[in-house]
Amino acid sequence: MISKENIKYYVFIAFITILIYKFIDSPENLLSNIKGLFMILSPFFIGILFSLLIDPLMVFLEKKFNIKRILSLLISYIGILSLVSICANMIIPSLINTLSTLLKEIPYCINTLETVLTKHISNLDLLKLLIYKIEDGLNILLKELNNLSSKTSTDILNYILSITSLFFNILMGLILSFYILYDKEKIILGCKNLLYAITTTRKANSFIEFFKTSNYIFYHYIVGRILDSLIIGILAFLGFKFLIKIDNAIFLSFIVFLTNIIPYFGPFIGAILPISMTFLYSPLKALWVFVFIFILQQIDGNIIGPKIMGDQVGLSPLWVISAVLIGGSLFGVLGVFLSVPFAALIKICLGKYINNQINIKDSK
């Protein structure tokens, strides 16, 4: 006799089989569909992310000052948006100045490099062909940089649409997070009642425990990672501005802050732009920037990071690197940021499943 549990099991097996067949038959289409589904649901993911970040401030205002939910939410959103606006007013002018400096310095650096190559190694017959190739490549690069403003209307339209879509998703995420936080107790209660209605009590309790674990991992990882990167960004700004005294310290330290959020790869990516930008006008200062960032990342990895985050995810470097690569390739920047807590959650679920199976076999 086929029971209800057997039917669920067969449906699950059939679903997994179809997924495997689709992946083997046409992996590009399957990955594209997954990515498309993720893009459709991205406002909800962004809304949940904002909810995780804003919830502690809202709860603090409610408990500390005994104010109503709607007022605490408004104060939280106004405060955070004001802080973001202040940071944008500081960073955007530095970004514009950095880009203008870069566009001015690149032609000079290319000409200098051509002169050095021609002066020192052009007399060697074996390297003349290589010099011509390098000069052609540099000329092409310079031409492309000088013609950035001559993009086709299609490229410009696609760029505008992508930026518009990003802002729309962020705006919708903010709106969704407001309603999620305003009715979070009702939403949680409704989800619990639904679970107990459609499944057994044991399974409902397992699902609830799973969501509690997910909330703990995502909240502590995201908040800890942002706080850790913020401290590193501030230290980078102080070092760039007052110790090394390089140009565009605000923008370059902001780059260090952003890239430091990415595990393992972020510190290396964040070091490239400050070093290369400084090298354009002072190779000696670029060397000091390299030394300073190296020391800063050692302090972060051995002192600041462990103090703030501890071992929130409990993943080995192999898990973290694999998660970042897969998340970034499938879902872009958001996938890079959220891939590590997702991988930690998968590892915990796998560990519990394996332990349960071992216990079941041992009991037999």
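Located above this text is the structure these notes cover.
Residues numbered from 1 in each chain as written. Predicted model: local features only at pLDDT ≥ 70, side-chain atom pairs only at ≥ 80, totals over all residues. Heavy atoms only, no water.

This part takes up the packing of helix H6 (residues 184-198) against helix H7 (residues 201-244). Between H6 and H7, the shortest axis-to-axis distance is 8 Å and the interhelical angle comes to 145 degrees. The hand of the H6/H7 crossing is right-handed. When H6 is examined against H7, the residues Lys-192, Leu-195 and Tyr-196 are found in contact with a partner set consisting of Thr-201, Ala-204, Asn-205, Phe-207 and Ile-208. Of the residues belonging to the contact of H6 with H7, the class tally is five nonpolar, two polar and one charged. (Axes fitted to C-alpha atoms, helices over the stretch in contact; angles between N-to-C directions. Helix = DSSP H or I, 4+ residues; strand = E, 2+ residues; numbered from the N terminus. Left-handed = near helix turned anticlockwise from the far one by under 90°. Contact = heavy atoms within 4.5 Å. Nonpolar A, V, L, I, M, F, W, Y, C, P; charged D, E, K, R; others polar.)

Turning our eyes to something else, we now look at the side chain of Ser-51. Mapped onto the elements of the fold, Ser-51 is located in helix H2 (residues 27-65). Within the structure, the side chain of Ser-51 is placed 2.8 Å from the backbone oxygen of Gly-47, a separation counted as a polar contact. When residues no more than four places from it in sequence are discounted, the contact partners of Ser-51 are Ser-177, Ile-180 and Leu-181. (Polar contact = N/O pair within 3.5 Å; in protein donor to acceptor, adjacent residues only side chain to side chain.)

This part covers H7. Taking 1.5 Å of rise per residue, the 44 residues of H7 would be expected to cover 64 Å, and the 62 Å separating its terminal C-alpha atoms lies within 8% of that figure. One or two residues past the end of H7 sits Lys-245, with phi positive at roughly 60 degrees. (Expected span 1.5 Å × (residues − 1).)

Bringing the nonpolar core into the picture now. If you look at the biggest cluster of nonpolar residues, it comprises 19 residues, and the most contacted ones within it are Phe-218, Ile-222, Leu-315, Phe-337 and Val-340. For this core, the secondary-structure elements that each account for two or more residues are H2, H7 and helix H11 (317-363). Top element by residues in this core is H11. It accounts for ten residues. Sequence-distant contacts of Phe-337, that is, excluding residues within four places in its chain, are made with Leu-49, Tyr-221, Ile-222, Ile-226 and Ile-261. By size, the runner-up hydrophobic cluster in this structure holds 18 residues, among which are Leu-252, Ile-255, Leu-280 and Ile-293. (Core = buried A, V, L, I, M, F, W, Y, C linked by side-chain atoms within 4.5 Å. Buried < 20%, exposed > 50% of the residue type's maximum accessible area, 1.4 Å probe, protein only.)

With that settled, consider the environment of Ala-236. Within the element layout of this structure, Ala-236 appears in helix H7. Judged by its relative accessible area of 0%, Ala-236 is buried. Every residue in contact with Ala-236, bar those within four places of it in the chain, is listed here: Ser-253, Val-256, Phe-292 and Leu-296.

This part takes up the layout of surface pockets. Computed from the structure, the second largest pocket encloses a volume of approximately 1800 Å³. Forming the boundary of the second largest pocket are 46 residues, of which Ile-48, Phe-211, Ser-214, Asn-215 and Phe-218 lie nearest the centre. Contributing elements (two or more residues each) for the lining of the second largest pocket: H2, helix H5 (153-182), H6, H7 and H11. Here the lining of the second largest pocket is built from residues that sort into 34 nonpolar, eight polar and four charged. (1 Å grid on protein atoms, 1.4 Å probe; cavity = no way out; pocket = protein on both sides within 12 Å on 5 of 7 lines; lining within 4 Å. Points joined across faces, edges and corners; volume = space filled by probe spheres on them.)

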